Each structure stands twice: as C-alpha cells, then as structure tokens.
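In case you want the letters, here they are:
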Amino acid sequence: MRKDSYQELVRVIAPLYEVKCNRGDAPPVTVEKATLMALWYPAVNVSMYKAGDRFGVASSTLFKEVHKIVDILCQLCNKFIVWPTEAEATIIRQQFKDRAGYPGVIGAIDGCHIDVLVPANDQQSYIDRKMNHSILLQGICTATKLFTNVSIGTPGSCNDCRALRYSSFYQRVIQEGPDSLFFNANNHLVGDKAYPNRTWLLTPYKDYGNLTLVQRQHNYIHSSTRTVIEHCFGLLKGRWRCLLRLQLKRIDRASNFIMACCVLHNFCFLHNDTVIEDMVNDERHMPAQVTDDYHDAHNAQLAKEKRDRIASVL
C-alpha cells in the first residue's frame, strides 16, 4: 500500500475509531498506529507476539487494536464492496468483452478455500476436498479485479454450488428475480462447471468427450473470461498473507478478518481509480442470509438456449 493510500485509509477509519483513555505511563494507541498494526499483521502473517514486539506494544494490546480496526472495516463493507448500478454494469460488460470477447458479462464468480482453525466438536464439517480445515470465500468480481459481492463462512466441506445457495446474493435473485441485479436478460455472470447453468449465471459445456468445435470454442473463451476471479483471489492472498492460513480460534473472527481483507483489497484498487470510483459513494445493502430450496428447471432450459446462442456467435 502506498503512503497516500494509507493516509486516505486512516482518514476513512478515524471517525469510527474510539481512542481509549491513557492508563499508567503507556501512551494511548493512536488511530494511525492501530491502522499500521492492522495492515502489517495480516500482510506479514506472523504471531501476535512478534507483531507486538515490532510496534512496542503487548500482544494483548495488538490483538485488541487489530480486531478493532477489522470490525471498523467490516462496518465499511457496504461502502467499498457494492453491486454496480445499471450504468456501471454497462462499463463492466464492455471491459469483460474487451478481455476475451464474451458478451453480456457483468461479473465472474468462484469460491476460494481459506484454511482456518475450527471447533474441536465440529471438525468434520470443515474438511475440504484437500483434507484441510477451511471455510469458503465466494467472490464476484469485475474485469478490473474489484469485488462487487462476497459471501464468507460456508464450511469447507460444501461445494461452490452449495455456497452460492447459502448466499444472500442468491436469495435476492430468487426472491426478487434476476432483473433486480442484472437489469436485463442479456446480462449475466460467468462461473465454472461447479455452478448450475442459469440465464443469469452461464457455465461451460461439460466435456464428456462429445463436444462440438463450437462448444469447445465457447468453453475456451468462457474460461479466458472467468479466470479474472482466480487472479483476484491470487492478488488477495498475495497481499494479505494471513489468508494462507488464519490462526484465529473463532470462526466468526476468521470471517470478519476475511471480509476486512476484501474491503482493503477494493480500497487499494479504488484509491485514485477514475472508472468506478463513484461506486463507493453510496450503500447498497444485500438482505440477511437465509436458505431456501429452489427448483428452476425452466430457467435451466432457457439458460441452455442462451448459452447456445452465445456459442454460435463466438
């Protein structure tokens, strides 16, 4: 993070930061120092003891200050991780089309496993396909690697499709209809074959050895378009090294830490950004997460026809 970006972050956090009263001879921790600690600790991924020693504070003080800043960043998530408006979606759609030629894309979706410490009485639920304990971060991003929606906390034993169904994003699509988020029938997300093929979420053709040349070409361009979300996760984990393995004993704290890192990811990209900078100026809330069964065979058939139409012109 550049110095001017750090100063801007302090300016954003300061109104929500409460400075504690001085106790004894130790000077109070300022918002500038607390922000530095909250940036350095997740970026370097060291123990609280070593991080506290670097900043000249007790590990307990560093723990409290880091989580205070994390909580503030989570409060700011609706300011920095926002779903695009129809005008912004038009810009994003063109950026995706310039990337690989796939039309109508306003976001790429995928899931990312974050290794965590899990409750001793419920370890089986968090074992993923690599036999690690993890929780899922589901992200939707633009062609410029900005998160427009994240859903965090699904146990690692669940697949990407299950994580999607648990998300508030999915519930809004089902309850209010795709047009509430996609504005018209031509807009959609792109995701890998783990997701269901829908009119608002197009996936590649499944390859059983019988794909036509047109279908193979579609899959190639589709893959070139959606890899941006994998690059986005790579940048997120590369900058905030703590996400390689979170050493936090509570799942809710781990989820908050991941959310804070996603907010910081967007903040770093949006600082001095001239294309989508207006996206941070208003709050666009998603409803609380609930779960519900959803059967949409008709939508699946329409999605197949839509994918075939796109494949025929690629």
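Notes on the structure in this doc start here. Everything numeric in this text was worked out from a predicted model, so none of it was measured.

For the rest of this paragraph, the subject is helix α2 (residues 31-44). Relative to the 20 Å expected for 14 residues at 1.5 Å per residue, α2 spans 20 Å between its end C-alpha atoms, a close match to the ideal helical length. Within α2, the full set of buried residues consists of Val31, Ala34, Thr35, Met37, Ala38, Leu39, Tyr41 and Pro42. Check the buried side of α2 and you find it contacts α1 (3-13), α3 (48-55), α4 (59-75) and α11 (251-270). Where α2 ends, the next residue or the one after it, Asn45, has phi of about 60°, a positive value.

As a further point, take the nonpolar core. Of all hydrophobic cores here, the largest spans 72 residues; its most connected members are Phe147 and Leu246. Looking at this core, the element that brings in the most residues is α11, giving 12 residues. Among all residues touching Phe147, those that are not within four sequence positions of it are Ile81, Val82, Gly139, Ile140, Cys141, Ile229, Cys232, Phe233, Leu236, Cys262, His265 and Asn266. Counting residues in hydrophobic clusters, the runner-up holds 15 residues, among them Leu164, Phe169, Tyr170 and Leu201.

Next up on the list: the packing of α3 against α4. Relative orientation of the contacting elements α3 and α4 amounts to 95°, with a least axis distance of 8 Å. On the basis of their axis angle, the class for α3 and α4 is roughly perpendicular. Between α3, through Met48, Tyr49, Ala51, Gly52 and Phe55, and α4, the contact on the second element is made entirely by Ser59, Leu62, Phe63 and His67. Along the lines of polarity and charge, the residues of the contact of α3 with α4 split into six nonpolar, three polar and no charged.

Below, the discussion takes up the state of the cysteines. One covalent bond between the sulfur atoms of two cysteine residues makes up a disulfide. Under the defined criterion, the tally for this structure stands at zero disulfides. Just so you know, Cys141 is unpaired, no disulfide at all, and the nearest cysteine sulfur is the one on Cys232, 4.5 Å from it. A residue is classified by how much of its surface remains accessible, and Cys141, at 0% relative accessible area, is buried.

Another aspect to go through is empty space enclosed by the protein. All told, the structure shown has two cavities of 30 Å³ or more when counted by the stated rule. There is about 60 Å³ of room inside the largest cavity. The wall of the largest cavity is formed by Ala38, Leu39, Pro42, Ile69, Val70, Leu73, Phe257, Ala260, Cys261 and Leu264. Elements supplying a minimum of two residues to the lining of the largest cavity: α2, α4 and α11. Counting residues per element, the lining of the largest cavity draws most heavily on α11, at four residues. Here the residues of the lining of the largest cavity are counted per class, giving 10 nonpolar, no polar and no charged.

Turning to the pairing of strand β3 (residues 147-155), a few remarks are in order. Within β3, seven of the nine residues are buried, which leaves the element mostly enclosed by the surrounding structure. As paired elements, strand β2 (residues 134-141) and β3 share seven bridges and run antiparallel to each other. When the bridges of β3 are listed, Gly139 appears paired with Val150. Between β2 and β3, which pair antiparallel in sequence order, lie five residues; one of them, Lys145, sits at a positive phi of approximately 70°.

Rules of the game
Residues numbered from 1 in each chain as written. Predicted model: local features only at pLDDT ≥ 70, side-chain atom pairs only at ≥ 80, totals over all residues. Heavy atoms only, no water. Helix = DSSP H or I, 4+ residues; strand = E, 2+ residues; numbered from the N terminus. Expected span 1.5 Å × (residues − 1). Buried < 20%, exposed > 50% of the residue type's maximum accessible area, 1.4 Å probe, protein only. Contact = heavy atoms within 4.5 Å. Core = buried A, V, L, I, M, F, W, Y, C linked by side-chain atoms within 4.5 Å. Axes fitted to C-alpha atoms, helices over the stretch in contact; angles between N-to-C directions. Parallel < 35°, antiparallel > 145°, perpendicular 65-115°, else oblique. Nonpolar A, V, L, I, M, F, W, Y, C, P; charged D, E, K, R; others polar. Disulfide = S-S within 2.5 Å. 1 Å grid on protein atoms, 1.4 Å probe; cavity = no way out; pocket = protein on both sides within 12 Å on 5 of 7 lines; lining within 4 Å. Points joined across faces, edges and corners; volume = space filled by probe spheres on them. Pairing = 2+ DSSP bridges.

Nothing here speaks to function; it is geometry throughout.
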